[in-house]
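Okay, here's what each chain looks like letter by letter:
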Amino acid sequence: MTAAGQQALTSIDGDGDHKRIAVIYADIAQAQLQIGDIPTGITYARRALDAAQRTESTWGLQHLGNVEKTLTGQRDPAARELLGDLISTRRALGSSPA
C-alpha cells in the first residue's frame, strides 16, 4: 500500500469519517491496478466496495467508477468477478459510473 494511502486511513481512524474509507481504498486500488499489481488492486477495490456498501457511500461508489473502467480490459477471473459485482452494485443503487 502506498504511504499516502496508509496515512489517510490512519487519519480517518481518528476522526470517525468512515465513508471516506471507501474513497481511499478505491484510490489505492486504482493506483495498484495502474502499476500492474492486479491482485493488490483487486483486494483494495473489494475493500472499497464493501466499505461503500456498508456506509451507503455514493461518493465511494463514484470513485469505484475509475476502477470499474480499468477492470474492463482485464482477463483475470478475480478481476472479472469484481467487475460484475461493481456493475450489479451500481445498478442496484441506481448510480452511474464516475
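Only a predicted model underlies this, so the values are computations on that prediction, with no experimental measurement involved.

Student: Is there a simple way to think about the overall build of the chain in this case?
Tutor: Within the chain, the secondary structure is distributed over five helices and zero strands. Reading the helices (α) and strands (β) of the chain from amino to carboxyl end gives α-α-α-α-α. In the chain, which comprises 98 residues, the proportion classed as buried is 40%. Sequence-distant contacts in the chain: of pairs separated by 6 or more residues, those separated by 24 or more amount to 52%. Total accessible area on the chain stands at roughly 5400 Å², and carbon and sulfur atoms take up 49% of it.

Student: Where do I start with the pattern of salt bridges in this structure?
Tutor: Side-chain pairing between opposite charges can occur once the charged atoms of the two side chains come close. Taken as a whole and judged by the stated rule, the model has three salt bridges. Across the salt bridge formed by Glu 81 and Arg 46, the nearest N and O atoms sit 3.9 Å from each other. Note that Glu 81 is positioned in helix α5 (residues 77-93) and Arg 46 in helix α3 (residues 38-55), a separation of 35 residues in sequence. The partner of Arg 46 in a salt bridge is Asp 85, with the nearest N and O atoms 2.6 Å apart. A residue pair is termed long-range when its members are at least 10 positions apart, and Arg 46 in helix α3 and Asp 85 in helix α5 qualify at 39 residues. Exposure remark for Asp 85: the relative accessible area of 26% places this residue in the partly exposed category. Beyond isolated ion pairs, a larger network of salt bridges with shared partners links Arg 46, Glu 81 and Asp 85.

Student: Looking at this structure, how should I read the confidence of the model for the chain?
Tutor: Should the pLDDT be low somewhere, the predicted coordinates at that spot are not to be read in detail. When the pLDDT values of the chain are averaged, the result is 82; 77% of them are 70 or greater. When pLDDT is averaged over each element of the chain, α3 comes out on top at 92 and helix α1 (residues 3-15) at the bottom at 56.

Student: Explain the environment of Thr 70 to me, please; I cannot follow it from the model alone.
Tutor: Secondary-structure assignment places Thr 70 in helix α4 (residues 58-71). Take Thr 70: its relative accessible area is 24%, and that puts it in the partly exposed class. Sequence-distant contacts of Thr 70, that is, excluding residues within four places in its chain, are made with Gln 30 and Leu 33. A polar side-chain atom of Thr 70 sits 2.8 Å from a polar atom in the side chain of Gln 30.

Student: Explain the environment of Val 67 to me, please; I cannot follow it from the model alone.
Tutor: For Val 67, the location among the structural elements is in helix α4. The sequence separation of Val 67 and Ile 28 amounts to 39 residues, and the corresponding C-alpha distance is 9.9 Å.

Conventions adopted
Residues numbered from 1 in each chain as written. Predicted model: local features only at pLDDT ≥ 70, side-chain atom pairs only at ≥ 80, totals over all residues. Heavy atoms only, no water. Helix = DSSP H or I, 4+ residues; strand = E, 2+ residues; numbered from the N terminus. Buried < 20%, exposed > 50% of the residue type's maximum accessible area, 1.4 Å probe, protein only. Contact = heavy atoms within 4.5 Å. Areas by Shrake-Rupley, 256 points an atom, 1.4 Å probe, with all protein chains shown as cover. Salt bridge = Lys/Arg side-chain N within 4 Å of Asp/Glu carboxyl O. pLDDT = per-residue confidence, 0-100. Polar contact = N/O pair within 3.5 Å; in protein donor to acceptor, adjacent residues only side chain to side chain.

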